[in-house]
Amino acid sequence: MGYVQGLKCRECGREYPIEPIYVCEFCFGPLEVVYDYKKIAKVLNKKKIQQRAKTLWRYKELLPVEGDPVAGINAGFTPLVKATRLGETLGIKELYIKDDTVAHPTLSFKDRVVSVALTKAREFGFDTVACASTGNLAHSVSAQGAMAGFRRFVFIPASLEPSKIIASLVYEPNVVAVDGNYDDVNRLCSEIANKYRWAFVNINIRPFYAEGSKTHGFEIVEQLGWKTPDNVIIPCASGSLLTKIWKSFKEFKEIGIIKEVDAKVFGAQATGCSPIVTALKQGVDVIRPVKPNTIAKSLAIGNPADGFYALQAIRESGGYGADVSDEEIIEGMRLLARTEGIFAETAGGVTVAATKKLVKEGYIRPDEITVICITGNGLKTQEALNGKVPSPHYIKPSLASFEEVMKDKGLL
Ligand SMILES: *Cc1c(COP(=O)(O)O)cnc(C)c1O
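Since we're looking at a predicted model, the values are computed, not measured.

Each value, and the rule that gives it
- Residues numbered from 1 in each chain as written.
- Predicted model: local features only at pLDDT ≥ 70, side-chain atom pairs only at ≥ 80, totals over all residues.
- Heavy atoms only, no water.
- Axes fitted to C-alpha atoms, helices over the stretch in contact; angles between N-to-C directions.
- Helix = DSSP H or I, 4+ residues; strand = E, 2+ residues; numbered from the N terminus.
- Parallel < 35°, antiparallel > 145°, perpendicular 65-115°, else oblique.
- Left-handed = near helix turned anticlockwise from the far one by under 90°.
- Contact = heavy atoms within 4.5 Å.
- Nonpolar A, V, L, I, M, F, W, Y, C, P; charged D, E, K, R; others polar.
- Phe/Tyr/Trp six-rings, centres within 6.5 Å; stacked < 30°, edge-to-face > 60°.
- Buried < 20%, exposed > 50% of the residue type's maximum accessible area, 1.4 Å probe, protein only.
- Lys NZ or Arg CZ within 6 Å of the ring centre and 35° of its normal.
- Near = heavy atom within 4 Å.
- Areas by Shrake-Rupley, 256 points an atom, 1.4 Å probe, with all protein chains shown as cover.
- Pairing = 2+ DSSP bridges.
- Patch = residues over 30% accessible without salt bridge, like charges linked within 9 Å, V, L, I, M, F, W, Y side chains within 5 Å.
- Salt bridge = Lys/Arg side-chain N within 4 Å of Asp/Glu carboxyl O.
- Arc of directions from axis to C-beta.
- Right-handed = clockwise from strand over helix to strand, strands pointing away.
- Polar contact = N/O pair within 3.5 Å; in protein donor to acceptor, adjacent residues only side chain to side chain.

Draft legend 1. Up close: the packing of helix 5 (residues 136-148) against helix 6 (residues 162-169). Contact geometry for helix 5 and helix 6: axes closest at 8 Å, N-to-C directions at 15°. Between helix 5 and helix 6, the angle is such that the two are roughly parallel. Relative to helix 6, helix 5 is oriented so that their crossing is left-handed. The segment helix 5 lies against helix 6, with Asn136, Ala138, His139 and Ser142 engaging Lys164, Ala167 and Ser168. Residues of the contact of helix 5 with helix 6, tallied by class, amount to two nonpolar, four polar and one charged.

Draft legend 2. Structural detail: the packing of aromatic side chains. Scanning the entire structure with this criterion turns up 13 aromatic pairs. A ring pair is formed by Tyr59 and Phe218, whose centres lie 5.1 Å apart and whose planes are at 45°; its orientation type is tilted. Here Tyr59 is found in the loop between helix 2 (46-51) and strand 4 (80-82), whereas its partner Phe218 is found in helix 9 (residues 214-223), with 159 residues between them in sequence. The two residues Tyr59 and Phe218 agree in class, both being buried. Ring centres of Phe308 and Tyr309 lie 5.3 Å apart, and the angle between their planes is 75°; on these two criteria the pair is classed as edge-to-face. Taking relative accessible area as the criterion, Tyr309 reaches 6% and is therefore assigned buried. Three or more aromatic residues joined by ring pairs make a cluster, and in this case those are Phe153, Phe155, Tyr196, Trp198 and Phe200. Taking the ring centre of Phe124 as reference, the NZ or CZ of Lys120 above it sits at 5.4 Å.

Draft legend 3. Up close: the site of the ligand. Around the ligand, a shell composed of 15 residues is seen, among which Lys110, Asn136, Ser238, Leu241 and Thr375 lie nearest. In isolation the ligand has 380 Å² of accessible area, and contact with the protein removes 96% of it. For the shell around the ligand, the per-class residue count stands at seven nonpolar, six polar and two charged.

Draft legend 4. Focus on the sheet that holds strand 10 (residues 231-235). An order of 4-5-13-10-11-12 is seen for the six strands of this open sheet, with the pairing classed as mixed. In this open sheet, the two edge strands, each paired with only one partner strand, are strand 4 and strand 12 (321-324). Across the sheet, the mean angle separating the axes of adjacent strands is 25° when strand polarity is ignored. Relative to strand 12, strand 11 (residues 264-270) runs parallel, the two sharing four bridges. Residue pairing in the sheet places Gln269 in a bridge with Asp323 of strand 12.

Draft legend 5. View of the side chain of Glu219. Examined against the element boundaries, Glu219 turns out to sit in helix 9. Classification of Glu219 by relative accessible area gives buried; the value is 0%. The contact partners of Glu219, leaving out residues within four places of it in the chain, are Leu56, Tyr59, Gly76, Phe77, Thr78, Lys98 and Arg112.

Draft legend 6. A nonpolar patch on the surface, seen in detail. On the surface, Ile395, Leu399, Phe402 and Leu412 cluster together into a nonpolar patch covering about 390 Å² of accessible area. Checked against the element boundaries, Leu412 lands in the segment after helix 15 (399-408).

Draft legend 7. A look at the pairing of strand 10. With five of its five residues buried, strand 10 lies for the most part within the structure. Burial along strand 10 is two-sided: Asn231, Ile233 and Pro235 facing one way and Val232 and Ile234 facing the other are all buried. Here strand 10 pairs with strand 11 via five bridges, running parallel. What sits directly across from Ile233, in strand 11, is Phe266. Judged from the three bridges that link them, strand 10 and strand 13 (residues 369-374) form a sheet pairing that is parallel. The partner of Val232 across the bridge, within strand 13, is Val371.

Draft legend 8. Fine view of helix 15. Inspection of helix 15 places Ser401, Val405 and Met406 among the buried residues, and these make up the whole buried set. For helix 15, the buried positions fall inside an angular range of 120° around the axis, keeping them on one side. Opposite the buried face of helix 15, by more than 90 degrees, sit the exposed residues Leu399, Ala400, Glu404 and Lys407. Just past helix 15, the residue Gly410 takes up positive phi, approximately 75°.

Draft legend 9. Structural view of the packing of helix 13 (residues 326-340) against helix 14 (residues 346-360). Running from amino to carboxyl end, helix 13 crosses helix 14 at an angle of 95°, the nearest separation of the two axes being 7 Å. Compared by their axis directions, helix 13 and helix 14 come out roughly perpendicular. Residues Glu328, Ile329, Gly332, Met333, Leu335 and Leu336 of helix 13 pack against Thr346, Gly349, Val350, Val352, Ala353 and Lys357 of helix 14. Residue composition of the contact of helix 13 with helix 14, by class: seven nonpolar, three polar and two charged.

Draft legend 10. Summary view of the sheet that holds strand 3 (residues 31-35). Taken in spatial order, the three strands make up an open sheet running 2-1-3, and their pairing is antiparallel. The open sheet has two free edges, formed respectively by strand 2 (15-16) and strand 3, since each of these has just one partner strand. Taken together, the five bridges between strand 1 (residues 4-9) and strand 3 define a ladder with antiparallel strand orientation. Along strand 3, the bridge assignment pairs Lys8 with Glu32.

Draft legend 11. Highlighting the pairing of strand 11. Among the seven residues that make up strand 11, six are buried, leaving the element largely enclosed by the rest of the structure. Remark: the strand 10/helix 10 (residues 240-254)/strand 11 crossover connection has right-handed handedness.

Draft legend 12. The side chain of Thr134, seen in detail. Examined against the element boundaries, Thr134 turns out to sit in the loop between strand 6 (128-132) and helix 5. The buried category is assigned to Thr134, whose relative accessible area is 8%. Reaching out from Thr134, the side chain makes a polar contact with the backbone oxygen of Ser298 at a distance of 3.1 Å. Non-local contacts of Thr134, meaning those with residues more than four positions away in its chain, are made with Leu160, Lys164, Tyr182, Lys297, Ser298, Ala300 and Ile301.

Listed below in structure tokens is the structure:
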């Protein structure tokens, strides 16, 4: 293959060979994969993509791997659902859900990044893979690492929802539950990554890992009939997904698959952890770290690694952001479920509620094509809904009891 030219520092532009490294030795800027777009443009077109299997590997020339995938072989190409009923409720005529709650091995968008990271880890010759996670990444590294035959260490905040911890443990990786928040976990993992030769997917493999997120954006464009939507609402934790969706649109233009990038990207965060949206609202470039306090634990990164680049992408696109309370998040999850039959985790509640706000505030107009990114399945965070959904109708096992109770409630 050979479409990757090397790594490059996003800040000073210094170039590096393809190695498991992630920060510039000179200015400490993050490293990013550089491709030979001229070469890719010669071999990749719409027709070729459409002829390939419906997985994220249909865009493989734009991913930083050389050979065949060893993980996530069937991951990606999740549905883009036309959300008419939700659109009516929110006042948007043409609304779509990019639904990453399904069609992935562990039911969140993290399977995209992990598919690429583990394939690259094998190419680099690692036998142990690891991650610092708010939950979903741990599931994906645990499951996909099992499938690809890696030794696995996943590091999580001990305060994670019990069901999210079980959903990693079942794959029998080494789960390390740290007495601290995600930012503490991440700091510890950077130290471990410096000492042991392990592939930390979101630390030393991060430049490659992050590229997997682009496939969410490529798919949106393809599924809309090869055009960018007017608006995309994206949940932000580290800010990587948002940055890479924006990059995916620009890459499709760069290689001639689309003529124009005419899209605004919007960041969605929980009010209890909204460093990126706060910087947007204040019109500043510096992201001030926060201590997360929200039910949207998968987005609870108080010191977002790609926050600055997410801000840049949002501003460059003409988009904006919104933050929503825990109550609004729950209402967003319930609204999506009762209008579209999609059970999203708390992060999905964040994007739905943020979209509602952005429409109300006039940032998103009713006649614009709008895509809401739903990134994880609700079965993973059922605790969040405890006592927040209606209760069942309790009856005796008889027709009489059924009719009595239903009539009592005016349902018959
Ligand atoms: C990790 C995650 C995100 C966003 O991640 P970034 O760090 O911003 O790329 C969004 N939704 C869910 C469900 C996640 O697990």
